[in-house]
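Understanding the architecture of this molecule
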Protein chains: 2
Amino acid sequence: MNMTNSASTPLDRLAVQIAPELEQVSTLIRQRMASRHAPRIPEVTAHLVEAGGKRLRPMLTLSAARMLGYQGDDHVKLAATVEFIHTATLLHDDVVDESRQRRGRPTANLLWDNKSSVLVGDYLFARSFQLMTETGSLRVLDILANASATIAEGEVLQLTAAQDLRTDEDIYLQVVRGKTAALFSAATEVGGVIAGAPEDQVRALFDYGDALGIAFQIVDDLLDYGGVTATIGKNTGDDFRERKLTLPVIKAIAAGDATERAFWTRTIEAGDQRDGDLEQALAIMARHGAMQAARADALDWVGRAKAALATLPANPIRDLLDELADFVVARVA
Amino acid sequence: MNMTNSASTPLDRLAVQIAPELEQVSTLIRQRMASRHAPRIPEVTAHLVEAGGKRLRPMLTLSAARMLGYQGDDHVKLAATVEFIHTATLLHDDVVDESRQRRGRPTANLLWDNKSSVLVGDYLFARSFQLMTETGSLRVLDILANASATIAEGEVLQLTAAQDLRTDEDIYLQVVRGKTAALFSAATEVGGVIAGAPEDQVRALFDYGDALGIAFQIVDDLLDYGGVTATIGKNTGDDFRERKLTLPVIKAIAAGDATERAFWTRTIEAGDQRDGDLEQALAIMARHGAMQAARADALDWVGRAKAALATLPANPIRDLLDELADFVVARVA
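Just so it is clear, the structure is predicted and the values come from calculations on it, not from any experiment. (Residues numbered from 1 in each chain as written. Chains lettered and ligands numbered in written order. Predicted model: local features only at pLDDT ≥ 70, side-chain atom pairs only at ≥ 80, totals over all residues. Heavy atoms only, no water.)

**Quick notes on the overall build of chain A**
- The helix and strand inventory of chain A stands at 16 helices and two strands.
- In terms of overall dimensions, chain A has a C-alpha envelope of 60 × 50 × 35 Å along the principal axes.
- Taken as two groups, the 35 positive and 46 negative side-chain charges of chain A have centres that lie 4 Å from each other. (Helix = DSSP H or I, 4+ residues; strand = E, 2+ residues; numbered from the N terminus. Lys, Arg positive; Asp, Glu negative; His and termini not counted. Charge placed at Lys NZ, Arg CZ, Asp CG, Glu CD.)

**Re the packing of helix 3 (residues 40-49) of chain A against helix 5 (residues 74-96) of chain A**
Residues and elements named next belong to chain A.
- Across the interface, helix 3 lies against helix 5 with an axial gap of 11 Å and an inter-helix angle of 100°. Taken together, helix 3 and helix 5 sit at an angle that is classed as roughly perpendicular. Listed contacts from helix 5 to Val 44, Leu 48 and Val 49 of helix 3 are Thr 87, Leu 90 and Leu 91.
- Taken together, the residues that form the contact of helix 3 with helix 5 break down as five nonpolar, one polar and no charged. (Axes fitted to C-alpha atoms, helices over the stretch in contact; angles between N-to-C directions. Parallel < 35°, antiparallel > 145°, perpendicular 65-115°, else oblique. Contact = heavy atoms within 4.5 Å. Nonpolar A, V, L, I, M, F, W, Y, C, P; charged D, E, K, R; others polar.)

**Looking at the side chain of His 75 of chain B**
- Relative to the elements of secondary structure, His 75 of chain B occurs in helix 5 (residues 74-96).
- Setting aside residues no more than four positions away along its own chain, His 75 of chain B makes contact with Glu 21, Thr 61, Leu 62, Ala 65, Arg 66, Tyr 70 and Ile 194 of chain B.

**What to know about the confidence of the model for chain A**
- Scored by pLDDT, chain A comes out at a mean of 91, with 96% of its residues at no less than 70.
- The low-confidence segment residues 1-5 of chain A, where pLDDT is below 50, has 13 contacts with residues more than four positions distant or belonging to other chains. (pLDDT = per-residue confidence, 0-100.)

**Some remarks on the relation of the copies chain B and chain A**
- For the pair chain B and chain A, the best superposition has an RMSD of 0.0 Å and corresponds to a rotation of 180° with a translation of 0.0 Å parallel to the axis. What the superposition gives is, in effect, a two-fold axis relating one chain to the other. (Least-squares fit on C-alpha atoms with pLDDT ≥ 70 in both.)

**Considering unusual backbone geometry**
Residues and elements named next belong to chain A.
- Non-glycine residue Gln 163 carries a positive phi angle of around 65°.
- As for its position among the elements, Gln 163 is in the loop between helix 8 (138-161) and helix 9 (169-194).
- Notably, Arg 243 is not glycine yet its phi reads approximately 60°, a positive angle.
- Looking at where Arg 243 falls in the secondary structure, it is placed in the loop between helix 11 (238-241) and helix 12 (247-255).
- Judged by its relative accessible area of 19%, Arg 243 falls in the buried class. (Buried < 20%, exposed > 50% of the residue type's maximum accessible area, 1.4 Å probe, protein only.)

**A closer look at the interface of chain B and chain A**
- On the chain A side, the residues contacting the 38 residues of chain B number 38 residues.
- Linking chain B with chain A are zero salt bridges.
- There are eight residue pairs in polar contact (both at pLDDT 80 or more) connecting chain B and chain A.
- When contributions to the side of chain B that touches chain A are tallied by element, the ones reaching two or more residues are helix 3 (40-49), helix 5, helix 7 (114-134) and helix 8 (138-161) of chain B. (Salt bridge = Lys/Arg side-chain N within 4 Å of Asp/Glu carboxyl O. Polar contact = N/O pair within 3.5 Å; in protein donor to acceptor, adjacent residues only side chain to side chain.)

**Things to note about the packing of aromatic side chains**
Residue and element names in this part refer to chain A.
- In total, this model carries six aromatic pairs over all chains according to the counting rule given.
- Residues Phe 240 and Phe 263 carry aromatic rings whose centres are separated by 6.5 Å and whose planes lie at 15° to one another, so their mutual orientation is stacked. With Phe 240 in helix 11 and Phe 263 in helix 13 (residues 258-269), this residue pair connects regions lying 23 residues apart in the sequence. Grouping residues by exposure puts Phe 240 and Phe 263 together as buried.
- Through successive ring pairs, a cluster of aromatic residues spans Phe 240, Phe 263 and Trp 264.
- Positioned above the aromatic ring of Trp 301, the side-chain terminus of Arg 304 is 3.9 Å from the ring centre. (Phe/Tyr/Trp six-rings, centres within 6.5 Å; stacked < 30°, edge-to-face > 60°. Lys NZ or Arg CZ within 6 Å of the ring centre and 35° of its normal.)

**Here's the deal with the packing of helix 12 (residues 247-255) of chain B against helix 15 (residues 290-310) of chain B**
All names here are of chain B.
- Packing of helix 12 against helix 15 brings their axes to within 8 Å, and their N-to-C directions diverge by 125°. Compared by their axis directions, helix 12 and helix 15 come out oblique. Between helix 12 and helix 15 lies a crossing whose hand is right-handed. Taken together, the residues of helix 15 that come into contact with helix 12 (itself represented by Leu 247, Pro 248, Lys 251 and Ala 252) are Ala 290, Met 291, Ala 293, Ala 294 and Asp 297.
- Residues of the contact of helix 12 with helix 15, tallied by class, amount to seven nonpolar, no polar and two charged. (Left-handed = near helix turned anticlockwise from the far one by under 90°.)

**A short note on the environment of Ala 187 of chain A**
Residues and elements named next belong to chain A.
- Note on placement: Ala 187 falls in helix 9.
- In this structure the C-alpha to C-alpha distance between Ala 187 and Arg 57, which are 130 residues apart in sequence, comes to 6.3 Å.
- When near neighbours in sequence (up to four residues on either side) are disregarded, Ala 187 contacts Arg 57, Leu 60, Thr 61 and Val 82.

**A word on the environment of Ala 182 of chain A**
All names here are of chain A.
- Position of Ala 182 among the secondary structure elements: in helix 9.
- Sequence-wise, Ala 182 and Phe 206 are 24 residues apart; in three dimensions their C-alpha atoms are separated by 9.3 Å.
- Not counting the four nearest positions on each side in its chain, Ala 182 is found in contact with Ala 147, Thr 150, Ile 151 and Arg 177.

**Observations concerning the nonpolar core**
- Ranked by size, the top nonpolar core spans 235 residues in total, and within it Tyr 208, Trp 264 and Met 285 of chain A together with Tyr 208, Trp 264 and Met 285 of chain B carry the most contacts.
- Leave out the neighbours within four places in its chain, and Met 285 of chain B touches Tyr 225, Pro 248, Val 249, Ala 252, Trp 264, Ala 290 and Met 291 of chain B. (Core = buried A, V, L, I, M, F, W, Y, C linked by side-chain atoms within 4.5 Å.)

**A closer look at the pattern of salt bridges**
- Scanning all chains against the criterion turns up 44 salt bridges over all chains.
- For Arg 139 of chain A, the salt bridge goes to Glu 199 of chain A, with nearest N and O atoms at 2.8 Å. With Arg 139 of chain A in helix 8 and Glu 199 of chain A in helix 10 (residues 199-223), this residue pair connects regions lying 60 residues apart in the sequence.
- Owing to a relative accessible area of 35%, Arg 139 of chain A belongs among the partly exposed residues under this scheme.
- Between Arg 13 of chain B and Glu 323 of chain B there is a salt bridge, with its nearest N and O atoms 2.8 Å apart. Here Glu 323 of chain B lies in helix 16 (residues 316-330) and Arg 13 of chain B lies in helix 1 (residues 10-17), a separation of 310 residues in the sequence. Like Glu 323 of chain B, Arg 13 of chain B is buried.

**Remarks on the side chain of Gln 201 of chain B**
- You can see Gln 201 of chain B is positioned in helix 10 (residues 199-223).
- For Gln 201 of chain B, the contacting residues outside a window of four places in its chain are Leu 68, Leu 312 and Pro 313 of chain B.

**Here we look at helix 4 (residues 56-67) of chain A**
Residue and element names in this part refer to chain A.
- Helix length check: helix 4, at twelve residues, gives a terminal C-alpha distance of 16 Å against a target of 16 Å (1.5 Å per residue), a fit within 8%.
- Among the twelve residues of helix 4, eleven are classified as buried, and the element is accordingly described as predominantly covered.
- Of the residues making up helix 4, those classed as buried are Leu 56, Arg 57, Pro 58, Met 59, Leu 60, Thr 61, Leu 62, Ser 63, Ala 64, Ala 65 and Met 67.
- Next to the buried residues of helix 4 lie helix 1 (10-17), helix 2 (19-32), helix 5, helix 9, helix 10 and helix 16 (316-330).
- Just downstream of helix 4, Gly 69 is the residue with a positive phi angle, here 85°. (Expected span 1.5 Å × (residues − 1).)

**Here we look at the environment of Val 96 of chain A**
- Along the chain, Val 96 of chain A falls in helix 5.
- Residue Val 96 of chain A is classed as buried on the basis of its relative accessible area, which comes to 6%.
- Separated by 184 residues in sequence, Val 96 of chain A and Gln 280 of chain A place their C-alpha atoms 27 Å apart.
- Apart from the residues lying within four places of it in its own chain, the contact partners of Val 96 of chain A are Leu 159 of chain A together with Lys 115, Val 118 and Leu 119 of chain B.

As structure tokens, this is what we get:
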């Protein structure tokens, strides 16, 4: 990784590069999450939006548009749109997963209730559609409506694929494209569309976002098991407890023998989990090099992201997006 | 009510009048509720969409467009859009209200789980935005995005207004506009917009849908207490048990004395409900003529709906929409 300033991440430096627009996005989000009639809405939204999220997705939209020379301000609306869709998804995810913590703080469904999370999520979805409609670009609307459908479809697929040992890498990829990559690729693609970029550049932006999103989610799933070194920490093993089949587990199951299969059948399919099972799961995965193999897949997707990016015109923002791709996997170095 | 055929309702006759397009809407809904990857989605949706709903909202869109001479087929897409938004709302409502029955059948959240209802609802919202985007009309997108935001805002407002005796008729009207009238008025308005109707006619269609939706919801809320005669049946009193403040209760509270107020504070605010409380609530409302007063309000909104309609060009469909407005309140004759 080529870091010009070892004290900061590529994400930090990207934020500096597009600071004024990022500030506009924050202002717009604060304005649009308001509700004249229902104060519960901004309360719940502020808890999540202002909880120190990294604003990665809106940064992708702003970067894509700026990199390709966009001069207007619709990219700010689209960046806020993307963040609203993301926030709505988080609210609903936490209800679905019955989560109690996100980013080290209690979730909205815990602080208020599931009802508020469901309905405020719906409100943010609607707000996102209002915002994107204001750009007047039917192509942008088409991209974001399709992304929203893919996200929901991926979440439903994840629901039915959990607890099912037949879930293979193809199904995993579909789930990951839905839950993560669809919004990454829509975020970069609409940046190019709003900038009026040629078709091959728009396609390259889509490919970058898609591959970056897949790499990002594989790494997230690795981190859930403590990363490649599988160090058990406070937040380790949530996916195991929720019986989600993520890439390292899928790889371990495919490589395992009958005894191991019985272990996975009991813990994941039957949900009969006992003390020491998480450690046992990690040992099985380590035996098959499942962590390293999943990390290699993530690196492969990073390579694809960078290759797509390399077809775009040279630009300081392009260089930062390139470093960002490396950075995503560096989280599990 | 001027019924040409006493055996059928105005809704039945409207369905006959627009039968071919209504069939196209059903076909489109079946096509678009499919999912290549997640079979859970059409299972859940079919349970609700094909459960014999009256398709009132899509009929409003088809009627408005046809009445004003529309010749294309985008009104079919918009009618399906409106039904998808409605269905998504029902799925999320049943989660929020923890309902176990709808239209006499077990709810999706009971048959599957809350997770499926939340995520399939999200999928249908996204599908609705895809459908409306296909019409290519930014004005239609604007109307339906605004309606979606108003619906979610109304639901959140209802959540916070429940259990709060300060909820007055103004707040009730805001909740009702959100939960019901916003989609009715959007349904009629987009029919006019897609038909290219002049502004005053589009406005009249909006006013008709708005007033019809408000009357419809007041009547629904009356029926929840057994109608004007307050006959207690199997499904009577859900709103009372859920501590929702609807129009007859609000009117009774405003007219009541200190003893009655203590009753409402205990049952609605504190949620301490005992055997005989529903009967007591009905007796208090009857004492103040709250049922009759709420019905009079509904009739007033019907009058406004019919007045708006009367400004539109004469047409057999217009006559049926006029009868439909009477019919809505005839449910609590």
